[in-house]
Amino acid sequence: MALRGAWTQGRGLLLLLRLQARGCQRGQWTRALATSAGARGRCEALVYRKHGEPLDVIHLENVKLSQLGDFDIRIQMLAAPINPSDINMMQGTYPILPDLPAIGGNEGVGRILEVGSKVTNMKPGDWVIPSGTGLGTWRIEAVSNMNTFIKVPKVIPLLCAATLSVNPCTAYRMLYDFESLKPGDSVIQNAANSGVGQATIQIAKAMSLKTINVIRDRPDIQELSDRLKAMGADYVITEEALRKPEMKELFKVVPRPRLALNGVGGKSATEMLQHLEKGGTIVTYGGMAKKPVTVPVSTLIFKDVKIRGFWVTQWKREHGQDLLQEMISQLCGFIQEGKLEAPICTEVQFQDYQTALKATTTPYTSSKQILIM
Ligand SMILES: NC(=O)c1ccc[n+]([C@@H]2O[C@H](COP(=O)([O-])OP(=O)(O)OC[C@H]3O[C@@H](n4cnc5c(N)ncnc54)[C@H](OP(=O)(O)O)[C@@H]3O)[C@@H](O)[C@H]2O)c1
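On a predicted model such as this, the values are computed, not experimentally measured, just so you know. In every chain, residue numbers begin from 1 and rise along the written sequence. For this predicted model, a pLDDT threshold of at least 70 governs which residues receive local features, and a threshold of 80 or more governs which side-chain atom pairs are given and counted, while totals over whole chains, interfaces and linings are taken from all residues. In computing side-chain values, all of the structure's heavy atoms are included and hydrogens and water are not.

A. Broad picture of the site of the ligand. Residues are labelled near a given molecule or strand when at least one of their non-hydrogen atoms is within 4 Å of it. Inspection of the region around the ligand gives 25 residues, with Asn-193, Gly-195, Arg-218, Val-312 and Lys-368 positioned closest. For the ligand, an oxygen atom lies 2.8 Å from a polar atom in the backbone of Gly-195. Contacts to the ligand include Val-196, whose backbone N or O atom sits 2.9 Å from an oxygen atom. Calculation on the ligand without its partners gives an accessible area of 920 Å², and the protein chains cover 85% of this total. Each helix is a run of DSSP H or I of at least 4 residues and each strand a run of E of at least 2, with the numbering of both proceeding from the N terminus. For the shell around the ligand, the elements supplying multiple residues, two or more each, are α6 (167-177) and α7 (195-206). Any residue outside Ala, Val, Leu, Ile, Met, Phe, Trp, Tyr, Cys, Pro, Asp, Glu, Lys and Arg is labelled polar, Gly included; the first ten of those are nonpolar and the last four are charged. Classifying every residue of the shell around the ligand gives 13 nonpolar, nine polar and three charged. Both domain 1 (2-163 + 344-372) and domain 2 (167-312) contribute no fewer than three residues apiece to the shell around the ligand. In protein, a polar contact requires one atom able to donate a hydrogen and another able to accept it; more generally it is a pair of N or O atoms within 3.5 Å, and residues adjacent in sequence count only if both atoms are side-chain atoms. In short, Shrake-Rupley with a 1.4 Å probe defines the accessible areas, and a residue's cover is counted only from the protein chains shown. Where each domain begins and ends follows an automated or database-derived domain assignment.

In structure tokens, the structure reads:
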């Protein structure tokens, strides 16, 4: 397998060099490579055969593509992000794990190259995103059932499409499903510079809500704060400021939040809780600090706050394709109206995946790494 992989990679390189000699641009090369890969029934993919630290376990391999069935589509992946859950899956610590060997990545956007004979609502050239987890998006091509994808308009920017199916959906559901918020209400969130956090800022703005955004302190804090404010953040504060009595001043100009979104856990979550409005809700969706959420007894007794959790994968399983399509259409509408843009991103060529993985696991990177195929 390894030898065959090296041989086909060698042929791919040869093809690239030939195309380069003919003066082709990189986009043209990858298209030509993808077409030739599909014709051979194989393609390049980032595969892990055991669990462990991503850089130790993931390798570029040449994998076999499934035969195109009647209800299948064949796509060329265009771009795919690296999310924390992808890292946890490779580490073997995520609640759902694909069988090994597995291809990394769960999100991204692809262009349809070919459709099966019974596929009616999709055609070559359309853009699609995965409807659930487990596709393995870090690859040049994929063949899968049409129901494992959702169509998105080609007019939206590539990076928006590549990062649409997980974080904006999570932010959208958390803002709509836990509290009935009305214009002028406020929401507090930690990890505000994360993909989920940036989507929350923008969707909340579109809903005329005020956001209080908590980030970790860092040398370039002003620059980050300015970027989040340019996206629509009303207030950006550090985790340290969250603990200070001056927070009372903030609540003279903005109502106390009825909703807190927690992607961190530990002290950060406990401190957000203290600022919730009586009867408000804290929704935990991530645990970046790897520390449990501690709820002070007084917050439960005297404020009767609701402690909830959210997992977008479960939401998709329970609500089906039609409601997912409805939400995606709404989010694409926000994108087209200029209300939702992609998170701060770094585009990394697919073959440079190790650089992207290193950046993803480095604290304070503040930029989503997107593999460009
Ligand atoms: N439940 C769901 O359905 C769902 C859906 C999407 C995402 N998630 C989860 O949400 C979290 C964020 O995902 P994402 O894709 O938005 O992340 P991301 O864009 O990769 O950003 C990671 C965020 O985590 C922060 N962070 C990292 N280590 C931290 C620590 N020790 N303490 C505090 N903050 C820390 C980073 O802040 P710095 O810049 O300060 O490093 C950054 O804000 C992840 O846990 C992910 O698995 C859950």
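Don't stop here, the text continues.
B. Expanded view of the pairing of strand β13 (residues 281-284). Whether two strands pair depends on DSSP finding at least two bridges between them. By the bridge criterion, four bridges tie strand β12 (residues 259-262) to β13 in an arrangement that is parallel. By the bridge assignment for β13, Leu-261 is matched with Val-283. Read as a crossover between parallel neighbours, the route from β12 over helix α11 (residues 266-274) to β13 is right-handed. Direction of pairing for β13 relative to strand β14 (residues 306-309): parallel, over a ladder of four bridges. Residue Thr-281 lies in a different strand from β14, and its bridge partner there is Lys-306. With the strands pointing away from the viewer, any crossover whose connection runs clockwise from the first strand over the helix to the second is right-handed.

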